[in-house]
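# A closer look at the structure
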Amino acid sequence: MAIETPDEKVSRLNAELRGKGPQDIIRAAIREFGRRVTYVSSFGAESAAMLSLIAEVEPTLPIVFIDTGMHFQQTLQYRDTLSAALGLTDVRTFHPVKDEVKAIDPKGVLNKTDPNACCEVRKVRPLAPALEGFEAWFTGRKRFHGGGRAHLPVIEFFEGRYKINPLVELTQEDLKALLADRHLPPHPMVAEGYPSIGCWPCTVRPVDPNDIRSGRWVGFTKEECGLHLKRQERPRVF
Ligand code: SF4
């Protein structure tokens, strides 16, 4: 029997999962990839949705968190309290390589002049060892976030791995209902007016009330941290 190519697998899974809900998508991905799928979570404002759905399906699924060293203290606490509340048993934290950070950003201010390079060294590079051994990863991206996310499929093949986006079809109202129905503890900064939370130097309250990500990287054209950019689209920092 011919081996299925990545493009064929993407087409098959996207066809099979058309119209399915997030939990069905998560179950199907775990059936397909077994223990070779993980979820990369920022433990941000909306992360409880994906994390709770995963906890309901498979609480031992590995969860990856990249600690850039620039997160709000509230995010680090939230990672721990939310993981415990949901019964997630395999939350793995990865860090940037200290010598790389020291070489490229000795004063810790690169975010002010070149946030793409800062994200590259603090977020994107640490993801490579974090994803070693995994064939696929879940993301929590939704089309309603707009920008490059507006036309996301459920499954993609990206840089040698499958990316699965179970929440892609949710509206903002669907997401609010999902979080409310499950009585999930919110990130503590949501109540302070932060609907999208990344590193502290690059996160303010939204400057456009109709765009929940408009408080990220204010003053730059940057929209994404780089985890979802192709290799050739990312900055060369060394
Ligand atoms: S979000 Fe800001 S501080 Fe965090 S890695 Fe990216 S540029 Fe650096």
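Bear in mind that the values here come from a model prediction, so they are computed numbers and not experimental data. (Residues numbered from 1 in each chain as written. Predicted model: local features only at pLDDT ≥ 70, side-chain atom pairs only at ≥ 80, totals over all residues.)

### A word on the overall build of the protein
Tallying secondary structure elements over the protein gives eight helices and six strands in all. Over its C-alpha atoms the protein spans a radius of gyration of 17 Å, differing by no more than 12% from the 18 Å that the globule rule assigns to 238 residues. Taking the principal axes of the C-alpha coordinates as reference, the protein spans close to 55 × 40 × 35 Å. Across the 238 residues in the protein, those meeting the buried criterion constitute 36%. Residue pairs at least 24 apart in sequence account for 74% of intrachain contacts in the protein once pairs closer than 6 positions are excluded. (Helix = DSSP H or I, 4+ residues; strand = E, 2+ residues; numbered from the N terminus. Rg over C-alpha atoms; globule rule 2.2 N^0.38 Å. Buried ≥ 20, exposed ≤ 12 C-beta atoms within 10 Å, placed from the backbone. Contact = placed C-beta atoms within 7 Å.)

### Concerning the nonpolar core
Core analysis: the largest hydrophobic core is formed by 36 residues, its most contacted members being Tyr39, Met50, Leu51, Ile54 and Ile164. Listing elements by their share of this core, those giving two or more residues are helix 2 (22-33), strand 1 (37-40), helix 3 (47-57), strand 2 (63-66), helix 4 (73-86), strand 4 (136-138) and strand 6 (161-164). Looking at this core element by element, the count peaks at seven residues for helix 3. Excluding its chain neighbours within four sequence positions, the residues that come into contact with methionine 50 are Tyr39, Ser41, Phe138, Gly140, Pro166 and Leu167. Leu110, Cys118, Cys119 and Val121 belong to the second-largest nonpolar core, a separate cluster that totals six residues. (Core = buried A, V, L, I, M, F, W, Y, C linked by C-beta atoms within 7 Å.)

### Notes on the site of the ligand
As a structural note, the neighbourhood of the ligand is formed by 13 residues, with Pro115, Cys118, Cys119, Cys199 and Cys202 the closest of them. The element contributing the most residues to the shell around the ligand is helix 7 (residues 115-131), with five residues. Of the residues that constitute the shell around the ligand, the class distribution is eight nonpolar, three polar and two charged. (Near = placed C-beta within 6 Å. Nonpolar A, V, L, I, M, F, W, Y, C, P; charged D, E, K, R; others polar.)

### What to know about the pairing of strand 2
Along strand 2, one buried face is formed by Ile63 and Phe65 and the opposite face, lined by Val64 and Ile66, is buried too. Handedness of the crossover joining strand 1 and strand 2 through helix 3 is recorded here as right-handed. The pairing of strand 2 with strand 3 (residues 91-94) spans four bridges and is classified as parallel. Residue pairing across strands places phenylalanine 65 opposite threonine 93, the latter belonging to strand 3. Note that the unit made of strand 2, helix 4 and strand 3 has a crossover that is right-handed. (Right-handed = clockwise from strand over helix to strand, strands pointing away. Pairing = 2+ DSSP bridges.)

### Let's talk about the packing of helix 2 against helix 3
One can describe the packing of helix 2 onto helix 3 by two numbers: an axis separation of 10 Å at closest approach and a directional angle of 55°. The orientation of helix 2 relative to helix 3 falls into the category oblique. Crossing hand, helix 2 versus helix 3: right-handed. In this structure, helix 2 uses Pro22, Gln23, Ile26, Arg27 and Ile30 to contact helix 3, whose residues at the interface are Leu53, Ile54, Glu56 and Val57. Within the contact of helix 2 with helix 3, the residues separate by chemical class into six nonpolar, one polar and two charged. (Axes fitted to C-alpha atoms, helices over the stretch in contact; angles between N-to-C directions. Parallel < 35°, antiparallel > 145°, perpendicular 65-115°, else oblique. Left-handed = near helix turned anticlockwise from the far one by under 90°.)

### Thoughts on the environment of leucine 178
In this structure, leucine 178 sits in helix 8 (residues 172-181). For leucine 178, a count of 19 C-beta atoms within 10 Å puts it in the partly exposed group. Separated by 128 residues in the primary sequence, leucine 178 and methionine 50 have C-alpha atoms spaced 9.9 Å apart.

### As for unusual backbone geometry
Even without glycine at this site, histidine 183 takes up a positive phi of about 50°. Assignment of secondary structure puts histidine 183 in the segment after helix 8. For histidine 183, a count of 8 C-beta atoms within 10 Å corresponds to the exposed category. With a phi angle near 50°, tryptophan 217 is a residue other than glycine that sits in the positive phi range. Along the polypeptide, tryptophan 217 turns up in the segment after helix 8.

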